[in-house]
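The lines below spell out each chain.
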Amino acid sequence: MSQQRNSREKLNRIIEENQHLSIEYIEQLATPILDDLTSWVNRKFYNPLNGELNYEITLDERVNATATTNVLDPMHPVIKITLGMLREIYRDAFVFPLVSDIISESTTTVKTLNEQFQNLYFTFDSGVPPIHTNQQTKLFNLVKTAYDERRHEKLTDDMLGARFMMFELMVVWLYFHELGHLLQRHFLLKIIQPGDSIVSVSEIQEAVDFHSKTTDENYFLKSQAREILADLEGVDLTVSYMLKNKLFHMPGIYLLMCAQEIMFHRFFQSYPENFEIPEINHPNPVVRGEYVQGYLTNLVLDTLVKNGLISDRKDAAYPITYLSIRASSMAGLFWANRYEEFDGGELPTFMRLASKENHEPKMQYVHTMRYWIDYQLEEIKSNHLCSPNFIEYFEGLRLYKK
Ligand SMILES: [Zn+2]
């Protein structure tokens, strides 16, 4: 399926680009972020329970991440992220600001959207949002001087800063999704083969479990619902991380939304162009995107109120809607331009599936997922490693409840 959507020529160009990317450099950029995340998670969650989380960057070309638990020693789980995945993340974060810039200059997409929002104070014409010096990431401040010596004139501080912010937020979001599987202890809900002690929840689609309809006819539906719950826990933890690292600001929120959408485009490649529920572990990424955006926009608004940055949710509802619409459309166009057969005529498949014309079948899928989320929620609540957690807030929102 994916081969038809993707352009052979573009994929060949990307394979060539990969040859020029230094795996060592990418690992060097990711390591301090992953170290920092892991020590924070251990202080907050695992050490008080006499446990310890570890992470590994694995020398693997495949694009994957895994949450691994040894059932004989469940308090010492491991998050594994492949170098293949980090390279994809790096390459997309690296290119996204440049492509955004081209889209904003050479098409009417941004101009039209801004007009729909009356060109109000929160809109921006440039490809990426302006990033104030004190909003930049630590990572950017570390690498900036090295870039200053040999920087292309078109590469502004905003674009360069956006690259590193996006890289960081994509890594953080992926890591916290895996942590979501671990904190919710999804391994307890997986069917283990006799003699197995290592239980992995993996993001790669080929890793189809043996437990199919013969052991549980709803196995895939339950697994798909748990992926959404890991996504939502991931969103929740990412917002905490952003608050802690002073990244909870407009450019950070916008780039997080773009990063999430791009990840969903990446996973979408093996999905059909409709909303039939496939017999695989992960739900259609358009549906995941629906949940993540719905949850994130609510959480951002409530966090702004909670931190005294606005007095009422409605004060920021309009700007946040703008960011969310803009992120979806820029990520969609980025993906189509980079990877797919796309001439700018029709909407790319992912965007078409996410659009109004498919609202009904999409919502049917979304509601089915909500049913299977609720079906497992009580058990997950009692299994969860920490309390309070995101579940209370999620239930309060009644998101996609019929
Ligand atoms: Zn997952």
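Before reading on, note that the structure itself is shown above.
Residues numbered from 1 in each chain as written. Predicted model: local features only at pLDDT ≥ 70, side-chain atom pairs only at ≥ 80, totals over all residues.

A. Spatial organisation of the overall build of the chain. Regarding its fold elements, the chain presents 14 helices and four strands. In summary, the chain has a C-alpha radius of gyration of 21 Å against a globular reference of 21 Å for 402 residues, a match within 12%. Counting only C-alpha atoms and orienting by the principal axes, one finds that the chain spans roughly 60 × 50 × 45 Å. Burial statistics for the chain: of 402 residues in total, 38% are counted as buried. Within the chain, residue pairs in contact and separated by at least 24 positions form 77% of the contacts whose partners lie at least 6 positions apart. (Helix = DSSP H or I, 4+ residues; strand = E, 2+ residues; numbered from the N terminus. Rg over C-alpha atoms; globule rule 2.2 N^0.38 Å. Buried ≥ 20, exposed ≤ 12 C-beta atoms within 10 Å, placed from the backbone. Contact = placed C-beta atoms within 7 Å.)

B. Quick look at the environment of asparagine 281. Relative to the assigned elements, asparagine 281 resides in the loop between helix H9 (250–268) and helix H10 (285–306). By C-beta crowding, asparagine 281 is classed as buried, having 20 other C-beta atoms within 10 Å. Separated by 57 residues in the primary sequence, asparagine 281 and glutamine 224 have C-alpha atoms spaced 5.4 Å apart.

C. Structural view of the sheet that holds strand E2 (residues 65–70). Taken in spatial order, the four strands make up an open sheet running E1-E3-E2-E4, and their pairing is mixed. Sheet topology places strand E1 (54–58) and strand E4 (198–202) at the edges, where each strand pairs with a single neighbour. Put simply, the sheet's adjacent strands are angled 20° from each other on average, direction ignored. With five bridges joining them, E1 and strand E3 (residues 78–82) adopt parallel strand pairing. Paired with asparagine 54 across the two strands is valine 78, which belongs to E3. (Pairing = 2+ DSSP bridges. Axes fitted to C-alpha atoms, helices over the stretch in contact; angles between N-to-C directions.)

D. Local environment of helix H8 (residues 219–244). An ideal rise of 1.5 Å per residue puts 38 Å on 26 residues; H8 measures up with 37 Å between its terminal C-alpha atoms. The buried fraction of H8 amounts to 20 of the 26 residues, a majority that puts the element mostly inside the structure. Trailing H8 by a residue or two, lysine 246 shows a phi angle of about 55°, which is positive. (Expected span 1.5 Å × (residues − 1).)

E. Representation of the packing of helix H3 (residues 23–46) against helix H4 (residues 83–106) within the structure. Orientation of H3 relative to H4, taken along the N-to-C sense of each, is 85°, at an axis distance of 10 Å. In terms of their interaxial angle, H3 and H4 are classed as roughly perpendicular. Contacts from Ile23, Ile26, Glu27 and Ala30 of H3 reach H4 at Leu83, Leu86, Arg87 and Tyr90. Class assignment of the residues belonging to the contact of H3 with H4 gives a composition of six nonpolar, no polar and two charged. (Parallel < 35°, antiparallel > 145°, perpendicular 65-115°, else oblique. Nonpolar A, V, L, I, M, F, W, Y, C, P; charged D, E, K, R; others polar.)

F. Representation of the nonpolar core within the structure. Of all hydrophobic cores here, the largest spans 94 residues; its most connected members are Met166, Met170, Cys258 and Ala259. Of all the elements, helix H7 (residues 157–183) adds the most residues to this core, at 17 residues. Aside from chain neighbours lying at most four places away, what touches cysteine 258 is Phe96, Met166, Ala327, Met330 and Ala331. (Core = buried A, V, L, I, M, F, W, Y, C linked by C-beta atoms within 7 Å.)

G. Representation of unusual backbone geometry in the model. Backbone torsion omega between serine 387 and proline 388 reads 0°, so that peptide bond is classified as cis. With respect to the element layout, proline 388 can be found in the loop between helix H13 (359–383) and helix H14 (390–397). In the Ramachandran plot, arginine 185 falls in the positive-phi region, its phi being about 45° despite a non-glycine side chain. Within the secondary structure, arginine 185 is located in the loop between H7 and E4. The partly exposed category is assigned to arginine 185, around which 18 C-beta atoms lie within 10 Å. Even without a glycine there, the phi angle at arginine 398 is positive, about 50°. If you trace the backbone, arginine 398 turns up in the segment after H14.

H. Examining the pairing of E3 more closely. In terms of strand pairing, E2 meets E3 through four bridges, oriented antiparallel. Bridge assignment links threonine 66 to a residue of E3, and that residue is lysine 80.

I. Fine view of the environment of aspartate 236. Structurally, aspartate 236 can be placed in helix H8. When the C-alpha positions of aspartate 236 and phenylalanine 394 are compared, they lie 9.8 Å apart, and in sequence the two are 158 residues distant. Once residues within four sequence positions are removed from consideration, aspartate 236 is found in contact with Leu299 and Phe390.

J. How the structure looks around the packing of H7 against H9. For the pair H7 and H9, the least separation of the axes is 9 Å and the interaxial angle reads 60°. The angle between H7 and H9 falls in the class oblique. Seen from above, H7 lies across H9 with right-handed handedness. Residues Ala162, Met165, Met166, Leu169, Met170 and Trp173 of H7 touch H9, and the partners they reach there are Pro251, Gly252, Leu255, Leu256, Cys258, Ala259, Gln260 and Met263. When grouped by side-chain class, the residues that make up the contact of H7 with H9 number 12 nonpolar, two polar and no charged. (Left-handed = near helix turned anticlockwise from the far one by under 90°.)

K. Looking closely at the environment of leucine 304. On the secondary structure map, leucine 304 appears in helix H10. Given 20 C-beta atoms within a 10 Å radius, leucine 304 is considered buried. Taking the C-alpha atoms as reference, leucine 304 lies 19 Å from leucine 399; in sequence the two are 95 residues apart. In this structure, leucine 304 is in contact with Leu309, Ile310 and Ala316, ignoring residues within four places of it in sequence.

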